[in-house]
Each structure stands twice: as structure tokens, then as C-alpha cells.
Amino acid sequence: MSLAAIPQLAPALLDLPFREGYVWSIVYVSLYVSVTAVAVSTLVSVPVAVALGFAEFPGKGFVKSVINTGMGFPSVVVGLVVLFAVSNQGPLGSLELIFTREAMIMSQFVLATPPITAISLAAVDGVDDGVRDAARALGGTRIDAALVVLKEARYGIATAVLAGFGRAVSEVGSVLIVGGNITGPDGVSKTRTLTTAIQLEARQGQYETAMILGAVLVALVLTVNAVVVRFGDGGVNA
Amino acid sequence: MLRAADVSVAYGDETIFRDLSVEVDAGEVIAVIGPSGVGKTTLLRLLALAAEPDEGSVALDDVDPWARSASERLALRRRVGMVFQEASLFDASVARNVEYGLRVRRSWTDRLGSLFGRGVPDAVREALDVVGLADETRRHADSLSGGEAQRVSFARALAYEPDALLLDEPTSDLDPRNTAVIEEAIGEARDRGIGVAVATHDMHQAERVADRVAVLLDDGITEMGPTEVVFEDPANERTRKFISGELVY
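Residues numbered from 1 in each chain as written. Chains lettered and ligands numbered in written order. Predicted model: local features only at pLDDT ≥ 70, side-chain atom pairs only at ≥ 80, totals over all residues. Heavy atoms only, no water.

In the nomenclature of an unreviewed UniProt entry, chain B is known as ABC transporter of Halorubrum tebenquichense DSM 14210.

And the structure:
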């Protein structure tokens, strides 16, 4: 973007209802939904990846293939399945989750889990078997050996979490279906995320607003990347 | 002390060895020599109580770990140390690597406490002193040469004072200086009363460090006895040919 374009974008910036907290509420909802979904997914995916990395059983290759296939799940299909699950006729209908952030977290959890598991598993598989053998030979239990492998694989696992976060925060289809892209009467987001807001603004011809929201989204992803990478670097000399 | 009695191991249809018996006594060094692929590593894994033999038994002080519970087996396994051909150090400092064996023997509460107090335990310094690296506690494992890494690997197994120490080709990739340091450390371990078994294809090294030698050929031990007897007056014809270089694998 050239400097000359900045004055043209200024009115768009002014048009954004900052005072009503519109943008901040969208950023908050995006972060709340995606961070929660990725955190829960990480708690599930990493132990599963370590267990799979340590276990030898018939059909292990098939299980890996299923996980890898999950990385390509179309988000709108995931959204439809979660919508069915939380709808009145669905198995979770009594929880009244439809068009709530919790339903959005569920759909993003389904989307983020396969990439986090698959990339973590690749990282665990990539750890030298000798390290694992050494941990056991030095008197470590299976849990001790798993902790050593986790530490050795931490950069790959950080990458997995980033990939999962990237998939979750940049996804439109499923959160639109299960969240409904709703704001309250005061204009504050209830289930509107940065991606669904961008989609809405662009459809209404508010391209400048959509661009600015897009820039906010990119800045958000870059910031989370930087924090995770920095966190990973901190472990080098531990 | 550490004994394998009539053990047999096979991988599928391939017999590695059968009816093999060997014992490692406290304060002695026994060298297991033989060509590559004959099963030296497999034998050490049995003695390390890391694998169960298909037939026969392994015992530490007459206790068969495979007839005991998992926790009792772990307690027995923790009395044995093993050093591999590859150093396989952890992504941490030299001190943290050498402390690992001590750390996993502590309670989880003590381990969490040790995260905040980063002093180097005396046992770690003493073990590193044996391999001439007492001043390198703060260096990261990645910065070590191959020889230094193997010396740290040796110190890592020595730090928790095992009753038996099993060394799998510990100097096969090392230069003469680092080899000499490791061989001196083997002598130090023996002097401390540790029973040491060294698997090696270097017969000169076996002559230098071992009190007894076991020759592993084909699918069993062809000869076992005092080092000078095995090398100078072997009773078995195949052993004699192997030692003289006439038997080529």
C-alpha cells in the first residue's frame, strides 16, 4: 500500500465505530473463540500424538491417514455437523448452544485438532529414537521418556499449535453457520469474528473497512506467531 | 551379580543367539567381542533388563525382573546403566544431561523444586570429573564434539552409581584421545566396584580394558575366560581363527 492511499483510508478508519467498541469486541470474540478452541485442541492433540508416537499396533498407519485426512475437512461441512449437533433436534440440543460462542469453539476445535495432532505426531516421530532409549536406559519411566520426547519436539509442536490457530482464526464457513455473525443492539459483537465481519463488510461494499479488519487479523496472527516463536526460543538454553 | 542363563533370542525366523550364558560380577570388566550383527547389542539389552529373552532367564542378584511387577522391575533396571554407541544427549546443558538419571529417581515434588534451584549436584561434578569435563557443566550439549558428547554420555550413566554398567561400542566413532579417556573411565568404574560389560569389535580395546572376554560368534559364545587366556591360548578353533583374523565375516 502506498503512502498516498493513507488519506483515502482515513475516512474508513473514522467510520469504524471504535467508540462503541465494535472492532475491539470483534477482536475479543475472535481471540476468545480461537484461543479457547486451540487450547482445548492442544490438550487433546499433543497427548494423542505422543501416545501414537510411542505405540506400535496394527493399523497405526491407517490412524495416521485418518488424522492427515482430517486436515482437509471442509469448514462448512464441519459447521453443518456442529449445527446439527447443537440444534434442537441434535444430541446437544438441550444445552442451547446454537448461535453461541461455545458452538463456535466446538467447530473450531474440530477444525484445529487434525492439524495440531498430525504436525505434533510428525514432530514426535522425528525425535531420535536414541534419545527415547537413553531416557529409559537411565532409569526413566515411560512418562519420563515421553516428557523428554515432548521437550525435544517442542518446536514442531509449537508449529502445530500455530498451524491450528491459523486454521481456526482465519476460518469463515463454520463459525458463520454455527455462530450466526451476530451483534447486539449496541453494535457490540456477540458471535461476530474478524473473518465473518470482513465477509459482511465486503458484501456490503465497505471495502476499506474490510481491508482494515483484514489488516487487524493479519497483525493478530503475526503477533501470536511472534509470541509462540519467542516462547520456543526461550527453551533453547533451559 | 548380573547374569544371563541359557538365553535365546530370535527375530521372526532369524535366530540371534541360543542358550547363551554370561555373568558380570561386581568390580570386573568383561568384554563381549564379535563381528558386527552377531547380537552384542541384543545381549546388552537383555542384561540392561530392557528386553525379555525368548527363552532362558536374566537376573540381577538372583532376582528375575521378568517374574516381578513393573515397579519392581523398574527398581532393578535403575541399578543398571547403559551407554550407547551414539551419545544421544538431550537438548540441554551438560549438567542437566548428567543429572537426568538422578532426577528421574526423585519424587515429582523434588523434581519441581529442582527447576528453581539450578545448583549442580556433587554426583554430577564427580561423574564429569571422571571423564575430564568437570568444567563444562554449563555448556549446551549441541556445542560438544562427538568425543565430548560420548564422554558426557558415559558420565550420565555413572552419575547415579549403578551396580552394573553396560557399554555398547562406546568408542567406535572416537579419536584415540577420547578413546583413552573412556577407557580410563571404565577402569575408574571398575575400581568403584561397578561390574562393567563392554561390547566391542575392537579386540585391542578388549585386551586393554577387560578382565574377562566372551567371544560371540554365529549364534552363541564360543569361548569365555580371562583376557590373556582367550587371546593367547584360545581353546576353541573358531575363536582362534576369529582372533587371528582368519575368520572373516
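Having seen it, we continue.
Now for helix α3 (residues 60–70) of chain A. All names here are of chain A. Listed in full, the buried residues belonging to α3 are K60, I67 and G70. Down the axis of α3, the buried set is contained in an arc of 80 degrees. They therefore lie on one face. Along α3, exposed side chains directed more than 90 degrees from the buried face belong to F62 and T69. Looking at the buried side of α3, the elements it contacts are α2 (22–54), α5 (101–125) and α8 (154–169). (Buried < 20%, exposed > 50% of the residue type's maximum accessible area, 1.4 Å probe, protein only. Helix = DSSP H or I, 4+ residues; strand = E, 2+ residues; numbered from the N terminus. Arc of directions from axis to C-beta. Contact = heavy atoms within 4.5 Å.)

The interface is formed by 23 residues belonging to chain B together with 23 residues belonging to chain A. Summed over both sides, the interface between chain B and chain A buries roughly 1,700 Å², with carbon and sulfur atoms accounting for 53% of that surface. If you look at where chain B meets chain A, you find two salt bridges. Between D91 of chain B and R154 of chain A there is a salt bridge, and its shortest N-O distance comes to 3.2 Å. Elements supplying a minimum of two residues to the side of chain B that touches chain A: α2 (70–77), β5 (80–83), α3 (94–103), α4 (108–114) and α6 (146–158) of chain B. (Buried area = accessible area lost by both parts, 1.4 Å probe. Salt bridge = Lys/Arg side-chain N within 4 Å of Asp/Glu carboxyl O.)

Bringing the packing of aromatic side chains into the picture now. Inspection of every chain in the model, using the stated rule, returns two aromatic pairs over all chains. Seen in terms of ring centroids, Y28 of chain A and Y32 of chain A are 5.9 Å apart; in terms of plane orientation they differ by 20 degrees. Their pairing is stacked. Of this pair, Y28 of chain A and Y32 of chain A both sit in helix α2, four residues apart, roughly one helical turn. Accessibility expressed as a relative area gives 48% for Y28 of chain A, which makes it partly exposed. It is R132 of chain A that lies over the ring of F54 of chain A; its NZ or CZ is 4.3 Å from the centre. R156 of chain B extends its terminal NZ or CZ atom over the ring of F90 of chain B, reaching a point 4.7 Å from the ring centre. (Phe/Tyr/Trp six-rings, centres within 6.5 Å; stacked < 30°, edge-to-face > 60°. Lys NZ or Arg CZ within 6 Å of the ring centre and 35° of its normal.)

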